[in-house]
Amino acid sequence: MKCKQAKPLKGKLPHDHELAEVIAEAYHVFACEKPSDPGVCDCCMDQRIREHFFEPEIAEMPLHYLQDWYFAAIGDEFNQHTWRYLLPRILEVLASGETLAGVGIEVSLNRFPTGVEGNWRDEEWQVLDRFQRLFLRRAVLSYPECLDDVLCMLGIADWPLAGLFEQVLNCPSGDLAERFWKDWCQFPAPGVWVGSFWERSQEPEVYAFYRSYELYQKIADLASKDQTPPELAEKALAVAAVIEGEASWT
């Protein structure tokens, strides 16, 4: 009789993935003892998953365990130790493109202020900073959802917004034009898109960046260059028009 083969674990990265190295480093630097409690509300988590939550090694934790954990509200027992233990697997799932929280990618890293450098040892922060930069750069290039979703995920996890926006501005103009055209211009009524998960106190800074003259000028300059391919120039013009139409500096 043939033995059933175990299904491949979801949310794992192949060895040749562009983020595989930083994820392997995350498993190394964040290694710690297994917590004694998942740190979430008893009534929100599947009891069978809760009972076996810490049985697998962290690198082999099933994706549906983490998804159920995200469904549950944070409890009194939640602390940085729990977050530190889970974080490498969380980062790997994000890098793989799988979903952690059903409500959206935006809430994937804000259960603990992950983007505050002072919360981490130097080697831990170096990994987090590298992951953040690689993930954001990939979001500009190819992430299927809006760039705003990824910026929000990082922003509400307390990465400084000025640093995130600077990284975006430093991306090649063509990549930004393609990204913002997909995010803002493929609808009957084009416009700047800002998601609902941002903290209210952050929204003015987010809108200010998306409508900034710096971003407009970067995209408009691309559109006006003779060497810009016509299709890309058309997209850049459309993005520049959206920014200009909503800006306060016009």
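About the criteria used
Residues numbered from 1 in each chain as written. Predicted model: local features only at pLDDT ≥ 70, side-chain atom pairs only at ≥ 80, totals over all residues. Heavy atoms only, no water. Salt bridge = Lys/Arg side-chain N within 4 Å of Asp/Glu carboxyl O. Helix = DSSP H or I, 4+ residues; strand = E, 2+ residues; numbered from the N terminus. Buried < 20%, exposed > 50% of the residue type's maximum accessible area, 1.4 Å probe, protein only. Expected span 1.5 Å × (residues − 1). Arc of directions from axis to C-beta. Contact = heavy atoms within 4.5 Å. pLDDT = per-residue confidence, 0-100.

## A closer look at the pattern of salt bridges
With the rule as written, the count across this model stands at 17 salt bridges. Across the pair K34 and E57 runs a salt bridge, and its minimum N-O distance is 3.5 Å. Of this pair, K34 sits in the loop between α1 (20-29) and α2 (47-52) while E57 is found in the loop between α2 and α3 (63-71), placing the two residues 23 residues apart along the sequence. Two residues, K235 and E178, come together in a salt bridge whose shortest N-O distance is 3.0 Å. Taken together, the positions of K235 in helix α11 (residues 230-246) and E178 in helix α8 (residues 173-184) put the pair 57 residues apart, joining distant regions of the chain. When its relative accessible area of 13% is taken as the criterion, K235 is described as buried. Within the structure, one salt-bridge network assembled from shared partners comprises R84, R121, E123 and E124.

## Quick notes on helix α10 (residues 213-224)
With twelve residues, α10 extends 16 Å from end C-alpha to end C-alpha; this agrees with the ideal 16 Å at 1.5 Å per step. Of the residues making up α10, those classed as buried are L215, Y216, I219, A220, L222 and A223. Down the axis of α10, the sector holding all buried residues measures 155°, keeping them to one side. In α10, the exposed positions angled more than 90 degrees off the buried face are occupied by E214 and S224. In the core, the buried residues of α10 are packed alongside α7 (161-169), α8, α9 (203-210) and α11.

## Side note on the environment of V107
By secondary structure assignment, the location of V107 is in the loop between α4 (80-96) and α5 (122-142). For V107, a relative accessible area of 18% gives the class buried. Spatially, the C-alpha atoms of V107 and E21 are 24 Å apart, while their sequence positions differ by 86 residues.

## Side note on the confidence of the model for the chain
Mean pLDDT over the chain works out to 94, with 98% of the residues at or above the 70 mark. Low pLDDT (under 50) marks residues 1-5, which in the prediction has zero contacts with non-local residues, meaning those over four places away or in another chain.

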